[in-house]
Each structure stands twice: as structure tokens, then as C-alpha cells.
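Spelled out from the first residue to the last, the chains are:
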Amino acid sequence: MTSSSDRSPAVDVQGSKSYEIRTYGCQMNVHDSERLAGLLEDAGYVRAPEGSDGDADVVVFNTCAVRENADNRLYGNLGRLAPKKASRPGMQIAVGGCLAQKDRDTIVKKAPWVDVVFGTHNIGKLPVLLERARVQEEAQVEIAESLEAFPSTLPTRRESAYAAWVSISVGCNNTCTFCIVPALRGKEKDRRPGDILAEIEALVGEGVSEITLLGQNVNAYGSDIGDREAFSKLLRACGTIEGLERVRFTSPHPRDFTDDVIAAMAETPNVMPQLHMPLQSGSDTVLKAMRRSYRQDRYLGIIEKVRAAIPHAAITTDIIVGFPGETEEDFEQTLHVVREARFAQAFTFQYSKRPGTPAATMENQIPKAVVQERYERLVALQEEISWEENKKQVGRTLELMVAEGEGRKDGATHRLSGRAPDNRLVHFTKPDQEVRPGDVVTVEVTYAAPHHLLAEGPVLGVRRTRAGDAWEKRTAAAAAKPAGVMLGLPKIGVPAPLPATTGSACGCD
């Protein structure tokens with residue numbers, strides 16, 4: 001696998017073309033975009049500065065098809081780029097991802113200035129398609145119907161020097177009525193455990209200390225290779241990798257969350273006490289209509305078992321409000337589960353039609369005003385619970401992995417930010433000694449807000465790490481680039497915990 005932490009362009013940087021990638025959607029799309037960046041840099045492109053806003057030589061849209069207005073957003077952005085492209089001979093625009101897989105030729109019909117359209121299964125073809133479009137002077141549309149190569153086998157330009165995504169599977173075998181992703185990503189396909197562990201070991205060798213195992217239904221891992229306990233075995237195997245300090249995974253499905261996985265989480269020291277478990281609805285009636293293969297009792301039973309095995313686990317979730325046919329009684333069942341589960345955080349969504357899904361044509365679509373009112377009640381309840389749960393952290397001593405870019409006010413408050421083992425965000429007083437992203441600090445929590453914690457006292461300890469060394473090396477390499485090329489520093493930090501606008505890696509969330 002191509003080294004990713006400090007790759008230099010393959011040609012003379014003074015003459016290199018720049019690229020910009022705009023990513024929409026879930027963590028799988030973010031991971032794919034890191035691969036697209038690696039492919040382009042291997043082909044001699046350099047990253048455009050942050051905020052270039054379409055001024056790059058190549059602009060790539062990595063799209064999502066989950067939201068109702070995904071296509072409007074794409075075509076609006078393409079329309080804004082049309083005059084720039086017309087005034088800049090040689091500029092190219094490419095569209096990939098789930099919406100490209102779904103719309104295919106429609107994209108170049110609606111936006112004929114697009115040069116390349118590629119799907120979810122053939123992201124490795126992007127540089128070739130760009131060159132072919134340039135030579136032939138016509139749009140190239142190439143959509144593969146099955147996976148050509150696992151994303152993790154392609155070159156990468158990781159966004160973080162010390163934390164990395166590792167894809168263990170792609171695709172999904174579920175048939176949730178609100179989700180179009182299985183139709184676009186295909187059936188689940190698992191990587192061999194040896195290949196996954198080899199990639200993790202290589203990443204640790206580069207300085208990575210935290211990895212997030214990624215799959216659209218991550219704990220179904222093993223169904224494709226005929227081993228029902230493959231995921232728990234993989235978690236335990238991660239525990240044997242020297243230098244790997246933190247292991248996370250997203251996003252599991254309650255149907256496949258078995259006792260052996262809970263035991264592996266509890267018994268493997270570097271598997272973090274954090275679980276993101278999508279609920280979607282607390283109503284058995286709505287869950288059935290969603291074609292979710294669990295019910296309220298099963299879900300709460302999993303939460304109870306996790307809490308018994310891992311008392312300090314932070315559990316987060318996804319919830320959809322206003323699914324077709326949802327009654328006030330159904331919604332009250334969702335509120336009941338929220339009260340019982342006491343989530344550290346919930347990513348809440350108002351149902352919107354996903355074109356191409358069974359739910360989009362269901363009867364009894366809920367009026368917008370009703371959905372909005374229920375949504376506000378849910379958010380208010382969860383805010384209250386999140387604050388109460390965070391207050392329980394006050395007085396605890398925590399080890400934080402220092403992050404960069406996670407605290408928007410850090411500069412003004414003279415603080416730094418980091419993630420606790422359970423992934424809670426903690427802002428802490430900046431110590432006198434140097435602390436780098438990737439290093440580990442020990443702090444005592446002094447204050448809790450609904451979405452973050454504060455450690456206002458002195459830092460109790462600082463541990464310099466190989467991950468911090470990797471961050472320092474990458475930063476020095478970026479600063480040493482020739483003045484004629486503006487690469488823009490990458491956004492360093494732990495992979496985003498869970499984007500509030502898109503849910504988790506499972507496309508049906």
C-alpha cells in the first residue's frame with residue numbers, strides 16, 4: 001500500500017495541477033475521498049489551498065444520495081462552477097459517489113460541462129477517466145456494477161497523521177425501506193481478516209495510534225466469509241497490535257450485535273468504551289414499517305448488556321422523526337427508549353423522502369408541522385439527558401488524545417481540545433510544555449455542558465507519543481513545500497465522530 005502520511009507529488013510541483021474534493025455524506029464517503037486524494041496525488045496533482053472554492057484545476061464532487069435534496073444541492077453547486085469552467089480552459093469537473101451511481105448519464109445531460117462521472121465501485125479509475133476526458137474532449141461516464149477494488153487497497157491521503165479509517169467491508173444486505181444505499185453500494189463484501197490487520201499494522205508503523213473500523217453494517221462482518229464471530233475475533237486481534245492505543249468502529253446494526261461482540265469490547269483494552277447504535281424509532285410498529293429487524297425490547301436489552309459489561313460506555317444513536325404512518329403513540333415510544341437508554345448524544349433527523357426507496361411512496365406521510373413539533377420535543381429531551389450524563393463526568397480523571405481543529409474557540413480561550421476514551425470532547429487548559437495533536441494528556445473534568453466537557457485546572461500529565469511525532473513530521477513536511485505551491489494544511493484530527501447532518505457510516509442511518 002502506498003505510504004500516505006507525507007507523500008510528495010510525483011512530478012515537479014511547480015508545474016502540477018491542483019485538485020479540490022468536496023465530500024457529502026457518511027464516513028464511507030469521507031474514507032473514499034481520502035482514497036481519491038491519494039490517487040490524484042499519485043497522478044501528480046497537488047491539493048488546492050483550503051477555501052479555494054472551485055479555483056482548482058480539478059474539482060471532484062463525492063456525492064451522497066441519502067437526503068431528499070441531494071441532487072438539488074449537487075446541481076446547484078455544479079451550476080455555480082459553470083462560469084468558472086468556461087473562463088478557465090483545461091479545468092475539469094468530476095462527479096462520483098452514490099448520486100453518481102444512481103443518476104449516471106443524467107448528470108451530464110443536466111450539467112454538460114461535467115467531464116467525468118464515476119460510481120461507488122470504481123473510484124480507482126478517476127485519474128484515467130480525467131485523462132481520457134482531456135484527450136478525447138468529451139465527457140466520460142463509467143459506472144461499474146460491482147466492486148473493482150476495496151477502497152483500502154488504493155493510495156490514500158489521510159486527513160489525520162495519527163488517526164485513520166480502516167474499511168473492513170463495503171455494501172449492505174439490509175433492506176430498510178428508507179434507505180437507498182444497498183442499491184448503490186451493493187451487497188456486503190468482506191475483506192480478509194489478514195488484509196485488514198496488515199493494513200492496521202502498516203498504519204501503526206506510520207505513527208497512527210487510533211483506528212476506526214468502517215463498514216456500512218460493520219458488525220455484520222463475517223457474513224460474506226461464513227464466520228458469525230468474525231467481528232469479535234477482529235476486535236480481539238486488534239488488541240494484540242503493539243502501538244495501537246485506540247480502536248473504534250461504526251456503524252453497527254442491532255440485529256447483528258451479539259454477546260461475543262460485547263465480550264470482546266469489554267475484554268480488549270484498546271477497544272474504546274463507546275458505542276454508536278442506531279435506533280431509528282422506539283415504536284415496534286414503525287420499526288416493522290422501516291423493515292428494521294429488531295424491536296424495542298431487543299434494542300434496550302443490548303444497551304443493558306453493554307452497560308453491565310462496560311459501565312462507563314458512552315452510547316450514541318440515530319433517530320428518525322416523522323416516518324410515514326408514525327402516530328403520536330409511536331413517537332411517545334421513541335421518547336420512552338430515549339429516557340431508558342440515556343444516550344450520551346443522539347443524531348436526530350426529520351424524515352425526508354429518499355427517491356427510489358419504498359418509504360417515499362408510502363401512504364400517511366406526516367405533515368411537516370407535525371414532524372417539526374415532534375423533532376423539537378425529542379431534541380429538548382435529549383439535550384437534557386446529554387447534559388445530565390455529562391455532569392456525571394465532573395471530577396473524573398481522563399486521558400485525552402489531543403486533537404486539532406475540534407475546539408473552535410481554543411485560540412480565544414487559550415485552551416486545547418481532545419477526545420476522551422469514550423469519544424467525549426474535552427477542552428482543557430493549555431499546559432506550559434509543548435503538546436502536539438496525537439499526544440496524550442491527563443486531566444480532571446471540572447465542568448459539563450450538553451455537548452462538551454471542560455478541564456479548567458492544570459494538566460496532570462503529558463505523554464509524548466509516536467502519533468505526535470507523526471503529526472510533527474507531517475506538519476514540518478507541509479511547511480517545507482516550495483513557496484510556489486499552496487497545498488494548504490490538512491485538517492488534522494481524529495476522524496469526525498459522527499457528522500450531525502448525515503448520521504453514521506451505515507447508509508441507512
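Residues numbered from 1 in each chain as written. Predicted model: local features only at pLDDT ≥ 70, side-chain atom pairs only at ≥ 80, totals over all residues. Heavy atoms only, no water.

Asks: A description of the packing of aromatic side chains should follow, citing residues and the corresponding values.
Replies: Applying the stated criterion to the full structure yields 5 aromatic pairs. Judged by centre distance (5.1 Å) and plane angle (85°), the ring pair of F231 and F249 falls under edge-to-face. Here F249 lies in strand 11 (residues 246–250) and F231 lies in helix 8 (residues 230–238), a separation of 18 residues in the sequence. Judged by its relative accessible area of 7%, F249 falls in the buried class. Between Y294 and Y299, the aromatic rings sit 6.2 Å apart at their centres with planes inclined by 35°, giving tilted as the arrangement. Taken as a pair, Y294 and Y299 share a single burial class, namely buried. Cluster of aromatic residues (ring-pair linked, three or more members): F178, F323 and Y351. Above the plane of the ring of W387 lies K391, whose end atom (NZ or CZ) is 4.4 Å from the centre. (Phe/Tyr/Trp six-rings, centres within 6.5 Å; stacked < 30°, edge-to-face > 60°. Helix = DSSP H or I, 4+ residues; strand = E, 2+ residues; numbered from the N terminus. Buried < 20%, exposed > 50% of the residue type's maximum accessible area, 1.4 Å probe, protein only. Lys NZ or Arg CZ within 6 Å of the ring centre and 35° of its normal.)

Asks: Before we move on, can you summarise the sheet that holds strand 10 (residues 210–214) with the specific residues and values?
Replies: Strand order in the open sheet made by the 3 strands is 7-10-11, with parallel pairing throughout. Only two strands of the sheet have a single neighbouring strand rather than two, namely strand 7 (163–167) and strand 11. Neighbour-to-neighbour, the strand axes of this sheet turn through a mean angle of 25°, independent of strand direction. Lying over the sheet, helix 7 (residues 193–205) contacts strand 7 and strand 10, oriented at roughly 165° with respect to strand 7. (Pairing = 2+ DSSP bridges. Axes fitted to C-alpha atoms, helices over the stretch in contact; angles between N-to-C directions. Contact = heavy atoms within 4.5 Å.)

Asks: Explain the nonpolar core to me, using residue names and the numbers behind them.
Replies: Counting 65 residues, the largest nonpolar core has I200, L213, L235 and F257 as the members making the most contacts within it. Once residues within four sequence positions are removed from consideration, F257 is found in contact with N219, F249, P252, I262, M265, L275, M277, R298, I302 and V306. Listed in part, the 25 residues of the second largest apolar core include L81, I93, L99 and V117. (Core = buried A, V, L, I, M, F, W, Y, C linked by side-chain atoms within 4.5 Å.)

Asks: Just give me the short version of the packing of helix 8 against helix 9 (residues 259–267), but keep the residues and values in it.
Replies: Each pair of packed helices can be summarised by the angle the axes make with each other and by the distance between the axes. The N-to-C vectors of helix 8 and helix 9 enclose an angle of 5°; their axes lie 8 Å apart at closest approach. Between helix 8 and helix 9, the angle falls in the class roughly parallel. Counted together, F231, S232, L235 and R236 of helix 8 and D260, V261, A263, A264, M265 and E267 of helix 9 form the full contact between these two elements. Of the residues in the contact of helix 8 with helix 9, the class split is 6 nonpolar, 1 polar and 3 charged. (Parallel < 35°, antiparallel > 145°, perpendicular 65-115°, else oblique. Nonpolar A, V, L, I, M, F, W, Y, C, P; charged D, E, K, R; others polar.)

Asks: I'd like a rundown of helix 12 (residues 328–341), residues and numbers included.
Replies: The first and last C-alpha atoms of helix 12 sit 20 Å apart over 14 residues, in line with the 20 Å expected at 1.5 Å per residue. For helix 12, the full list of buried residues reads D330, F331, T334, L335, V337, V338 and A341. One side of helix 12 holds all its buried residues, which, seen down the axis, span an arc of 155°. In helix 12, the exposed positions that point more than 90 degrees away from the buried face belong to E329 and E340. Residues of helix 12 that are buried in the fold lie against helix 10 (284–290), helix 11 (296–309), strand 13 (314–321) and helix 13 (368–391). Remark: R342 follows helix 12 within two positions and exhibits a positive phi of approximately 50°. (Expected span 1.5 Å × (residues − 1). Arc of directions from axis to C-beta.)

Asks: Any chance you could break down the packing of helix 9 against helix 11 for me, citing the residues and the numbers?
Replies: Here helix 9 crosses helix 11 at 25°, and the two axes come no closer than 10 Å. Considering the angle they form, helix 9 stands roughly parallel to helix 11. Relative to helix 11, helix 9 is oriented so that their crossing is right-handed. Where helix 9 abuts helix 11, its residues D259, I262 and A266 lie against I302, K305, V306 and A309. Taken together, the residues that form the contact of helix 9 with helix 11 break down as 5 nonpolar, no polar and 2 charged. (Left-handed = near helix turned anticlockwise from the far one by under 90°.)

Asks: An account of the environment of I303 is requested, with residue identities and associated values reported.
Replies: Secondary-structure assignment places I303 in helix 11. Among the residues examined, I303 registers a relative accessible area of 4% and is labelled buried. Separated by 10 residues in sequence, I303 and A313 place their C-alpha atoms 9.9 Å apart. If sequence neighbours within four positions are ignored, I303 has contacts with I315 and A341.

Asks: Which residues make up the sheet that holds strand 5 (residues 116–118), and what are the values?
Replies: Strand order across the open sheet formed by 6 strands is 2-1-3-4-5-6, with parallel pairing between neighbours. Of all the strands in the sheet, just strand 2 (46–47) and strand 6 (140–142) have a single pairing partner and so form its edges. For strand 1 (residues 18–23) and strand 3 (residues 58–63), the ladder comprises 5 bridges, and the chain directions are parallel. Counterpart to E20 in the pairing with strand 3 is V59.

Asks: Account for the environment of N62, with residues named and values stated.
Replies: Secondary-structure assignment places N62 in strand 3. Here the alpha-carbon distance between N62 and L36, two residues 26 residues apart in the chain, equals 9.1 Å. Among all residues touching N62, those that are not within four sequence positions of it are R22, T23, Y24, N29, D32, S33, L36, G96 and G97. One polar contact links N62 to S33, side chain to side chain, over a distance of 2.9 Å. (Polar contact = N/O pair within 3.5 Å; in protein donor to acceptor, adjacent residues only side chain to side chain.)

Asks: How would you sum up the layout of surface pockets? Please name residues and give values.
Replies: Approximately 300 Å³ is the volume attributed to the second largest pocket. As for the second largest pocket, its lining consists of 19 residues, of which N219, A220, S223, R228 and D256 are closest to the centre. Of all elements in the fold, only helix 8 and helix 9 reach the threshold of two or more residues within the lining of the second largest pocket. The residue inventory of the lining of the second largest pocket, partitioned by class, reads 5 nonpolar, 7 polar and 7 charged. (1 Å grid on protein atoms, 1.4 Å probe; cavity = no way out; pocket = protein on both sides within 12 Å on 5 of 7 lines; lining within 4 Å. Points joined across faces, edges and corners; volume = space filled by probe spheres on them.)

Asks: Mind laying out the environment of L453, listing which residues take part and the relevant values?
Replies: Checked against the element boundaries, L453 lands in strand 20 (residues 453–455). On the accessibility criterion, L453 (0% relative accessible area) is buried. Spatially, the C-alpha atoms of L453 and V394 are 8.2 Å apart, while their sequence positions differ by 59 residues. Not counting the four nearest positions on each side in its chain, L453 is found in contact with N390, Q393, R424, L425, V426, H427, V445, Y447 and A448.

Asks: Break down the confidence of the model for the protein for me, with residues and values.
Replies: Residues with a pLDDT of 70 or more make up 89% of the protein, whose mean pLDDT is 86. Below pLDDT 50 for its whole length, residues 1–14 participates in 43 contacts with residues either more than four positions away or in separate chains. Confidence drops under a pLDDT of 50 for residues 483–509, and excluding neighbours within four residues, the segment shows 99 contacts in the predicted structure. (pLDDT = per-residue confidence, 0-100.)

Asks: Provide a residue-level description of the side chain of T465, including the pertinent values.
Replies: Mapped onto the fold, T465 is located in the loop between strand 21 (461–463) and helix 15 (466–479). With relative accessibility at 6%, the residue T465 sits in the buried group. Setting aside its immediate chain neighbours within four residues, T465 contacts E245, R436, G438, D439 and V440.

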